[in-house]
Each structure stands twice: as C-alpha cells, then as structure tokens.
Amino acid sequence: MEIVYRGYIVLYNIYIILFILKKSVPHISTPKTRGSVRNIQMDKQTMMVLKEWLTRQQKEMLKLGYKFISTNNLVFPTWQNKPNQPTQPTQWNNSICEHGHLRHITVHGFRHTHASLLFDSGASMKDVQKRLGHSSMKTTMDIYTHVTKQSEQETVTEFERYMKG
C-alpha cells in the first residue's frame, strides 16, 4: 500500500501482494483489474492515527538503518523493510483478538463491516461500490443485499413510530 498525504485527504493506492512460489517471498504486483487501483478519502481521525504511525515507523526504521523518509513506504513492512507475508495481517488480528478478549472478525470481515457501516451511515449503493472497488453495482448489491434489507426494515419501523406520534 502506498499512502500519499494531501492535507486530511489521503490517496490510498492499493497493491496486491503475491507469492513468488519458488522462494516463498512476497512480491508486490499490480491488482487484477484497473478498477482495483483507486483513490479513497479517509476521515481526519484515521489520518491522524496514520500520521502518528508514520512518524513512529520512520524513527524505528532509521534506528534499524533504513532510510524511511518517503511518502510511498509500505504501511506495515517487515523489520527488514520488505512486504509481509500475506498471512501476517491474519496473525496480527488473531493475536489482538486473543489478548484483548475480543470477538474474532476475519481480516476480510473488516471490509464487510466497513461496507455495512457505510450503508448504516446513509451512503448510497453507488458510493459503496466505488469505495470497495467493485466493477459493477450488481456485485455490491449481491454481497450486501442483507444490509440494505435490514435498512429497509428499520426505515419502515421508524415510519411506523413517526405515524403513531
């Protein structure tokens, strides 16, 4: 991943990490479709956390002897300043859930949670489609129909409550 800061707007370029099977070494490659490369805006609080992480990361990497003053570093590299294994986020997530006594959500589940929260906040199907990088709205609708049906039920309930006074 590459983060480009422009004020509180972040351009978050996403790359897929693939294995080179002969050496089992992670390799950064381009996504499978052009639509997968996209810019998304981030909220101020998330940007503050990312900026704090970037500062801490730069200090730690400099201690290890890596020149890490750049706007296109990996967000979570190894201590050797290389891409992590694709399984690493799952291992981190499992550890955090275990130590924090938290309900387990898969790493990909965070994507679904994000989409559900977008719908809950009133985002349109088109906005969610664009943010998730789906090539068609049908894909978004097929995956998140249960969320929109829940929202429809809540709308009916709110309307009934309003009509009853």
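Residues numbered from 1 in each chain as written. Predicted model: local features only at pLDDT ≥ 70, side-chain atom pairs only at ≥ 80, totals over all residues. Heavy atoms only, no water.

### Some details on the overall build of the chain
For the chain, the count of helices and strands is five helices and four strands. Counting from the amino terminus, helix and strand elements in the chain follow one another as β-β-β-β-α-α-α-α-α. Taking all 165 residues of the chain together, the buried fraction comes to 27%. Surface accessibility of the chain: about 12300 Å² in total, with carbon and sulfur atoms responsible for 58%. (Helix = DSSP H or I, 4+ residues; strand = E, 2+ residues; numbered from the N terminus. Buried < 20%, exposed > 50% of the residue type's maximum accessible area, 1.4 Å probe, protein only. Areas by Shrake-Rupley, 256 points an atom, 1.4 Å probe, with all protein chains shown as cover.)

### Things to note about helix α3 (residues 107-120)
Each α-helix turn comprises 3.6 residues. Residues three or four places apart therefore point the same way. Here α3 spans 20 Å end to end across 14 residues, near enough to the 20 Å set by a 1.5 Å rise per residue. Among all positions in α3, only Gly-109, Ala-115, Leu-118 and Phe-119 are buried. Two residues or fewer after α3 comes Gly-122, characterised by a positive phi angle close to 100°. (Expected span 1.5 Å × (residues − 1).)

### Observations concerning the packing of aromatic side chains
Scanning the entire structure with this criterion turns up three aromatic pairs. Plain terms: the ring middles of Phe-76 and Trp-92 are 5.8 Å apart, the flat faces sit at 65° to each other, and that makes the pair edge-to-face. In this pair, Phe-76 is assigned in the loop between α1 (44-63) and α2 (88-100) and Trp-92 in helix α2, connecting sequence segments 16 residues apart. Residues Phe-119 and Tyr-144 carry aromatic rings whose centres are separated by 6.0 Å and whose planes lie at 50° to one another, so their mutual orientation is tilted. Of the two residues, Phe-119 sits in helix α3 while Tyr-144 sits in helix α5 (residues 137-164), which places them 25 residues apart along the sequence. Pair check on accessibility: Phe-119 and Tyr-144 agree, each one buried. (Phe/Tyr/Trp six-rings, centres within 6.5 Å; stacked < 30°, edge-to-face > 60°.)

### Focus: the nonpolar core
Formed by Ala-115, Leu-118, Phe-119, Met-125, Val-128, Leu-132, Tyr-144 and Val-147, the largest nonpolar core amounts to eight residues. Of all the secondary-structure elements, those providing two or more residues to this core are α3, α4 (125-132) and α5. Residues within four places of Leu-118 in sequence aside, it is in contact with Ala-123, Val-128 and Arg-131. (Core = buried A, V, L, I, M, F, W, Y, C linked by side-chain atoms within 4.5 Å. Contact = heavy atoms within 4.5 Å.)

### Brief notes about the pattern of salt bridges
This structure, assessed with the given rule, holds two salt bridges. Across the pair Glu-60 and Lys-63 runs a salt bridge, and its minimum N-O distance is 3.5 Å. Residue Glu-60 and its partner Lys-63 are both found in helix α1; the two are separated by three residues, about one turn of the helix. Looking at Lys-63, the relative accessible area reads 66%, which means it is exposed. (Salt bridge = Lys/Arg side-chain N within 4 Å of Asp/Glu carboxyl O.)

### Quick notes on the confidence of the model for the chain
In the predicted model, the chain carries a mean pLDDT of 78, and the fraction of residues at 70 or more is 78%. Considering only residues more than four positions removed or in separate chains, one finds that residues 4-22, a stretch of pLDDT under 50, has 62 contacts. (pLDDT = per-residue confidence, 0-100.)

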